[in-house]
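# Topology and contacts: notes
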Amino acid sequence: MYTQALDTHGQEPLPAGAGSSAALAQRFQERIDVEEKIEPKSWMPDAYRQTLIRQISQHAHSEIVGMLPEGNWITRAPTLRRKAVLIAKVQDEGGHGMYLYSAAETLGISRAEMIEQLLSGAARYSSIFNYPTLSWADVGAIGWLVDGAAIMNQIPICRCSYGPYARAMVRICKEESFHQRQGFEIMLTLAQGSEAQRAMAQDALQRWWWPSIMMFGPSDADSKHTAQSMRWKIKRFSNDELRQKFIDITVPQAQFLGLTIPDPALHWDEAAQHYLIGPIDWNEFHAVLAGHGPCNRERLEARRAAHEAGRWVREAAAAHAAKERSRQSQAP
Amino acid sequence: MSSDWPLFEVFIRSRSGLEHKHVGSVHAADARMAIEHARDVYTRRQEGVSLWVVRSVDIVASDPEEADALFEPARDKVYRHPTFYAIPEEVKNL
């Protein structure tokens, strides 16, 4: 990932003979159309820059807030093996947040500004993390369904037109696959366990199914950003296309587990060659997005508390670095 | 709003004998912390045996708009590649 600091060496001069912004925009779109990658110092329309800043920073915030629901179970993991795996997974989410913040910074926003937007509540993050993790099975359901849905969303972004975002996504997708498999393994172990364990797995599926389906965002008819994002090759598939793909691969997995997906309308449609689902409760989606989910307040409070508690560490490190620098400059 | 620690670019040597390659960046108060952060962020799966960190402000990059002027002159000099020269098949070891 290149960086914002690199960009301060100078604004790129406008290409010769391409004076008007319409000509620049047309040349930009031509580069996108032939699958050329856009890099930090390339000219780009302001709307492209702002769209990417919004999307990448929301994505980064999601990784950071996403550590909370699972972190809730680290001290109560049932075995040492599960505990080691869960710590590694949560650490990965933190790492993914770092890759993504770095990618967003190449567009000219500072890390501090993005953190500020998250903590003030101005920025959004994935609505899924505003649901509570009530049992150990939720850790399995999150890995299987939430990470499964995330992978489905993220794989096409590996080919995003913006180079730093695409490269960050390649790294993330490589690491994400273990997350989903460890989640499915937890579900499988519970599903093959005692009656109480099977009930716990079913209860987790019950609560996580619909929020996972909603992770793909509003239906295409209501998605205001989709068309432009597709033209810019930030997005490669529509929300509904990705949602359908996820449903088609996940239903057989639930059947293998012997668990029931909480949707009486769910059925295989022979003509469409797809599993079709019942209506999605978009009121719930919009309510959670607007801050009225079960854990919105708790999540933000946890992030703010962590930020405040870490303040003295950041200040001490900066003071130490300044002192070291002045010692070096005074040395004979 | 608090200000960020300086930015460092991170380079990893993935195996002994290979060159260091750019992988991303980290914020850190000083170079030593940058190495530690780079270890945590970029080498959780044995991605490397050696790390370099360089302050991002110390890197000078070529301008994409000058790419043609810089790199185009090499395009028509195919005679710099061995495959440009036709050698009879019976001649060996060339």
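The present account deals with the structure reproduced in this document. (Residues numbered from 1 in each chain as written. Chains lettered and ligands numbered in written order. Predicted model: local features only at pLDDT ≥ 70, side-chain atom pairs only at ≥ 80, totals over all residues. Heavy atoms only, no water.)

## Examining the overall build of chain B
The helix and strand inventory of chain B stands at 2 helices and 3 strands. Reading chain B from its N terminus to its C terminus gives the helix and strand order β-β-α-β-α. Its C-alpha atoms give chain B principal-axis dimensions of roughly 70 × 35 × 15 Å. Put simply, 44% of the contacts in chain B that link residues at least 6 apart link residues at least 24 apart. As displayed, chain B offers around 6800 Å² of accessible surface, 54% of which is attributable to carbon and sulfur atoms. Across chain B, the mean location of the 12 positive side-chain charges is 9 Å away from that of the 16 negative side-chain charges. (Helix = DSSP H or I, 4+ residues; strand = E, 2+ residues; numbered from the N terminus. Contact = heavy atoms within 4.5 Å. Areas by Shrake-Rupley, 256 points an atom, 1.4 Å probe, with all protein chains shown as cover. Lys, Arg positive; Asp, Glu negative; His and termini not counted. Charge placed at Lys NZ, Arg CZ, Asp CG, Glu CD.)

## Observations regarding the overall build of chain A
Each helix and strand counted, chain A has 13 helices and 2 strands in total. On C-alpha atoms alone, chain A measures out to a radius of gyration of 22 Å, which is about the 20 Å that the 2.2 N^0.38 rule sets for 332 residues. Taken over 332 residues, chain A has a buried fraction of 50%. Excluding contacts between residues fewer than 6 apart, the proportion of contacts in chain A whose partners are at least 24 apart in sequence is 77%. Approximately 15600 Å² of chain A is accessible, and the part contributed by carbon and sulfur atoms is 57%. Between the centroid of the 36 positive side chains of chain A and the centroid of its 37 negative side chains there is a distance of 6 Å. (Rg over C-alpha atoms; globule rule 2.2 N^0.38 Å. Buried < 20%, exposed > 50% of the residue type's maximum accessible area, 1.4 Å probe, protein only.)

## Considerations on the interface of chain A and chain B
Facing the 36 residues of chain A at the interface are 29 residues of chain B. With both sides pooled, the region where chain A packs onto chain B buries about 2600 Å², and carbon together with sulfur makes up 54% of that total. Counting the contacts that link chain A with chain B gives 4 salt bridges. Applying the counting criterion to the chain A and chain B interface returns 10 residue pairs in polar contact (both at pLDDT 80 or more). Among the elements of the structure, helix 1 (4-7), helix 4 (80-105), helix 5 (111-120), helix 7 (163-191) and helix 13 (311-330) of chain A are those that each provide at least two residues to the side of chain A that touches chain B. The element best represented in the side of chain A that touches chain B is helix 4 of chain A, accounting for 8 residues. Residues of the side of chain A that touches chain B, tallied by class, amount to 13 nonpolar, 11 polar and 12 charged. (Buried area = accessible area lost by both parts, 1.4 Å probe. Salt bridge = Lys/Arg side-chain N within 4 Å of Asp/Glu carboxyl O. Polar contact = N/O pair within 3.5 Å; in protein donor to acceptor, adjacent residues only side chain to side chain. Nonpolar A, V, L, I, M, F, W, Y, C, P; charged D, E, K, R; others polar.)

## Quick look at the sheet that holds strand 3 (residues 50-55) of chain B
All names here are of chain B. The strand order 2-1-3 describes an open sheet built from 3 strands, whose pairing is antiparallel. With partners counted over all chains shown, the strands left at the sheet margins are strand 2 (20-27) and strand 3, one partner each. Direction aside, the axes of adjacent strands within the sheet are offset by 30° on average. Bridge count between strand 1 (residues 7-13) and strand 2: 7 bridges; the pairing is antiparallel. Within strand 2, the residue paired with I12 across the bridge is K21. Most of the contacts of helix 1 (residues 31-42) go to strand 2, to which it runs at about 110°, and overall it touches strand 1, strand 2 and strand 3. (Pairing = 2+ DSSP bridges. Axes fitted to C-alpha atoms, helices over the stretch in contact; angles between N-to-C directions.)

## Digging into unusual backbone geometry
The residue K233 of chain A is not glycine, and still its phi comes out positive at about 55°. Within the element layout of this structure, K233 of chain A appears in the loop between helix 9 (226-231) and helix 10 (239-257). Phi at N93 of chain B takes a positive value of approximately 60°, unusual for a residue other than glycine. By relative accessible area, N93 of chain B is classed as exposed at 82%.

## Some points on a nonpolar patch on the surface
Together, V78, Y79, F84, Y85, I87, V91 and L94 of chain B make up a nonpolar patch on the protein surface, roughly 730 Å² of accessible area in all. Within the element layout of this structure, Y79 of chain B appears in the segment after helix 2 (67-71). (Patch = residues over 30% accessible without salt bridge, like charges linked within 9 Å, V, L, I, M, F, W, Y side chains within 5 Å.)

## Side note on the pairing of strand 1 of chain B
All names here are of chain B. Within strand 1, 6 of the 7 residues are buried, which leaves the element mostly enclosed by the surrounding structure. Connecting strand 1 to the next strand, strand 2, in antiparallel fashion are 6 residues, including G17 with a positive phi near 100°. Pairing between strand 1 and strand 3: 6 bridges, direction antiparallel. Across the sheet, E9 pairs through a bridge with V54, a residue of strand 3.

## Let's talk about the nonpolar core
All names here are of chain A. Core analysis: the biggest nonpolar cluster contains 94 residues, and Y48, L52, I56, Y162, Y165 and W208 have the highest contact counts within it. Per-element tally for this core: the top contributor is helix 6 (residues 136-154), with 11 residues. Residues in contact with W208, not counting those within four places in the same chain, are I128, Y131, P132, T133, D138, A141, I142, L145 and V146. (Core = buried A, V, L, I, M, F, W, Y, C linked by side-chain atoms within 4.5 Å.)

Just geometry here; none of it tells us what the structure is for.
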